[in-house]
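These are the residues of each chain, in order.
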Amino acid sequence: MLATRALTKRFGPHIAISDLHLSVARGSCLAIFGPNGAGKTTLLKLLAFLVKPTSGEIIFGGKREEAGDLRQRIGFLSHQPLLYRHLTAYENLKFYARLYGLTSARKRAREVLAAVGLDDRADEPIQRFSYGMLQRAAVARVLLHEPELLLLDEPFSGLDSQGARDLMAILEGLRDGDRTLILTTHDVHRGLALCDEAGILIRGRLAYRASRAELGSEENFASLYEAHSERA
Amino acid sequence: MVELKEQKLLRGGPTWPRRRWRYFAQVGAIVWKDVVVEYRSKGVVITMAVFTLLVLVLFNFAFGPGAGREVPVASGILWTAFLFAAVLGMNHTFALEKEGDCMQGLLLSPIDRSALFLGKMVGNLIFLLVVEAVSLPLFGILYNLPLHLVVWTLAPIVLLATVGLGSVGSLFASIAVNTKAREVMLPLLLFPVVVPVLIAAVRGTAHVLAGEGWGGDALRFLVVYDVVFLVASLLVAEYVLEE
């Protein structure tokens, strides 16, 4: 589904991602853990074709395609909702649906808002939304165009426990066997609950990667993660 | 919780008409978004209009009644007001995209970067033209100029000079917005490049206000400038708007 070969990203003298070889199978979920500054967000931005790599390549679906065409197949949930606060949730989604060239933008916007449980607040400006509601609206934005690959950048950060539970339920609902998920998180409990594989990114390098079965208990992985983070 | 139906996508396809249709639909979506956001926030047009009117009124006080007889002075005052109002407005519309990192949302979508630039530019042009439409009658009254000249005969010069300002200004605003001192950076980048537009606009306006026709050579120069810089801006938009 997705592979990177010797992917490297430098910002001046700083190496954010270093010689990364990664492959993720179609329909699987990879959770990437890492301390602040490990390069998690940069990695997701590279995979979303938001930034260009310094060297190396990203192969999507086994083919090399233009970034513009691939963006149609990728959904990226960022730290920010990427929505306009003066527009309603429905208007924001209708706007993005038009950018993605969806055939029935209005219907689709209503559908995804209902899917994330915001249909009753669809016509309110999002500046009145709580953080949890904003995050759900952002998930609706990401799902608009039915992306094959979902990139989720610390989706649980800043959410209260109810908000995180609601988001977890939405993300579990997206594991339909066809859609590939890559998420970065500090939340070991929720990250492991969602993933098939987990990795630890340290200073732009994948220091550890294992399948969910190989990881053992959550406590084991948490102490392993802590040990890697302290060494960093 | 999430049950989503299969969505048919207009994936561009090989056909040229479909790609063109999609391109202009995306441009239209960006213009619609900018106009709706501006209608609700009232952050750009009112600031620009108030600034323009203040400049016109202050210079009117400075030069006294009957300044309209000094046509070159009046046309210089008019374009000083429009230029600074344009800088204010264009800085603001691109800053809006940085708020909440919305520019990232635009860049994530499969939109041609030139369509994104064109949408932002058309939005800026609409705001500038609204401010100019409000300011020109007042300019005529304050500077004791024939209203039919100011409102009707001057329209081609104003329109063409605004397109020139808007295309170059939107391009530099998209660069300046990523810098720390964007309020300073935009005028620094913009002014040297729009000097020819301003000279042509001031001369053309003086020509019109003196009752000597539609702007003469200035009008022709503005057409050429607009075509060159509009095409150049669209070509380099991809490199400017990417990382």
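Look above for the structure.
Remember, it's a predicted structure, so these values are computed and weren't measured experimentally.

Reading the values: rules and limits
Residues numbered from 1 in each chain as written. Chains lettered and ligands numbered in written order. Predicted model: local features only at pLDDT ≥ 70, side-chain atom pairs only at ≥ 80, totals over all residues. Helix = DSSP H or I, 4+ residues; strand = E, 2+ residues; numbered from the N terminus. Rg over C-alpha atoms; globule rule 2.2 N^0.38 Å. Buried ≥ 20, exposed ≤ 12 C-beta atoms within 10 Å, placed from the backbone. Contact = placed C-beta atoms within 7 Å. Pairing = 2+ DSSP bridges. Axes fitted to C-alpha atoms, helices over the stretch in contact; angles between N-to-C directions. Core = buried A, V, L, I, M, F, W, Y, C linked by C-beta atoms within 7 Å. Nonpolar A, V, L, I, M, F, W, Y, C, P; charged D, E, K, R; others polar. Parallel < 35°, antiparallel > 145°, perpendicular 65-115°, else oblique. Left-handed = near helix turned anticlockwise from the far one by under 90°.

Peer 1: Before we go on, may I ask you to explain the overall build of chain A in this structure?
Peer 2: Helix and strand counts for chain A stand at nine helices and nine strands. Its C-alpha atoms give chain A a radius of gyration of 18 Å, within 12% of the compact-globule value 17 Å for 232 residues. Principal-axis analysis of the C-alpha atoms places the extent of chain A at approximately 50 × 40 × 35 Å. Across the 232 residues of chain A, 47% fall into the buried class. If you take every contact in chain A between residues at least 6 apart in sequence, the share linking residues at least 24 apart comes to 69%.

Peer 1: It is not clear to me how the sheet that holds strand 2 (residues 14-24) of chain A should be interpreted in this structure. Could you clarify?
Peer 2: Neighbouring strands of a sheet are bound in pairs by backbone hydrogen bonds; such pairs are parallel or else antiparallel. Residue and element names in this part refer to chain A. Strand order in the open sheet formed by three strands is 2-1-4, with antiparallel pairing between adjacent strands. A strand with exactly one partner marks an edge of an open sheet, and here the two such strands are strand 2 and strand 4 (55-60). Along the sheet, successive strands turn relative to each other by an average axial angle of 20 degrees, direction set aside. Here strand 1 (residues 2-11) runs beside strand 4; their pairing, made up of five bridges, is antiparallel. Within the sheet, the bridge partner assigned to R5 lies in strand 4 and is E57. Contacts from helix 1 (residues 40-47) reach strand 1, strand 2 and strand 4, with the element oriented near 60 degrees to strand 2.

Peer 1: Got a minute to help me understand the nonpolar core in this structure?
Peer 2: Generally speaking, nonpolar side chains in soluble globular proteins are found buried as a group. Membership of the largest hydrophobic core comes to 148 residues, with the highest contact counts inside it found for L93, A140 and L151 of chain A. For this core, the element with the most residues is helix 3 (residues 71-98) of chain B, which contributes 13 residues. Excluding its chain neighbours within four sequence positions, the residues that come into contact with L151 of chain A are L44, L47, A48, I74, G75, F76, L77 and I182 of chain A.

Peer 1: So what exactly am I meant to see when it comes to the interface of chain A and chain B here?
Peer 2: A common way to report how large an interface is uses the accessible area buried once the components associate. Taken together, the contact pairs 38 residues of chain A with 31 residues of chain B. It is helix 3 (residues 89-99) of chain A that contributes the most residues to the side of chain A that touches chain B, five residues altogether. Looking at side-chain class alone, the side of chain A that touches chain B contains 20 nonpolar, nine polar and nine charged residues.

Peer 1: Whenever I open this one, unusual backbone geometry confuses me. Can you help?
Peer 2: Trans peptide bonds make up the majority, and among non-glycine residues the majority have a negative phi. Within the chain, D19 of chain A stands out as a residue other than glycine whose phi angle is a positive 45 degrees. In this fold, D19 of chain A is placed in strand 2.

Peer 1: In this structure, what is going on with the sheet that holds strand 8 (residues 197-202) of chain A? I would like to understand it.
Peer 2: Residues and elements named next belong to chain A. Pairing is mixed in the open sheet, where six strands are placed in the order 5-6-7-3-8-9. The open sheet has two edge strands with one neighbour each: strand 5 (74-77) and strand 9 (205-211). Averaged over all pairs of adjacent strands, the angle between their axes in this sheet comes to 15 degrees, without regard to strand direction. Bridge count between strand 5 and strand 6 (residues 149-153): four bridges; the pairing is parallel. The residue bridging I74 from the neighbouring strand is L149, located in strand 6. With respect to the sheet, helix 1 is in contact with strand 3 (29-33), strand 5, strand 6, strand 7 (180-185) and strand 8, its orientation differing from that of strand 7 by roughly 155 degrees. Against the sheet, helix 5 (residues 131-143) touches strand 5 and strand 6, its axis set at about 165 degrees to strand 5.

Peer 1: Which parts of the structure should I look at to understand the packing of helix 2 (residues 45-63) of chain B against helix 3 of chain B?
Peer 2: In a packed pair of helices, the relevant descriptors are the angle between the two axes and the axis-to-axis distance. All names here are of chain B. In the contact formed by helix 2 and helix 3, the axes pass within 9 Å of each other and the chain directions differ by 155 degrees. In terms of orientation, helix 2 lies roughly antiparallel with respect to helix 3. For the crossing formed where helix 2 meets helix 3, the hand is right-handed. Residues T47, M48, F51, T52, V55, L56, F59 and F63 of helix 2 pack against V73, I77, T80, A81, F82, F84, A85, L88, G89 and H92 of helix 3. Of the residues that constitute the contact of helix 2 with helix 3, the class distribution is 13 nonpolar, five polar and no charged.

Peer 1: I would appreciate a short explanation of the packing of helix 7 (residues 155-176) of chain B against helix 9 (residues 217-241) of chain B in the present structure.
Peer 2: Residues and elements named next belong to chain B. Contact pair helix 7 / helix 9: the axes reach a minimum separation of 9 Å and the direction vectors enclose 20 degrees. Classed by the angle they form, the pair helix 7 and helix 9 counts as roughly parallel. Where helix 7 crosses over helix 9, the handedness of that crossing is left-handed. Contacts between helix 7 and helix 9 involve P156, I157, L160, A161, V163, G164, S167, V168, L171, S174 and I175 on the former and, on the latter, A218, L219, L222, V223, Y225, D226, F229, L230, S233, V240 and L241. Residues belonging to the contact of helix 7 with helix 9 are distributed by class as follows: 17 nonpolar, four polar and one charged.

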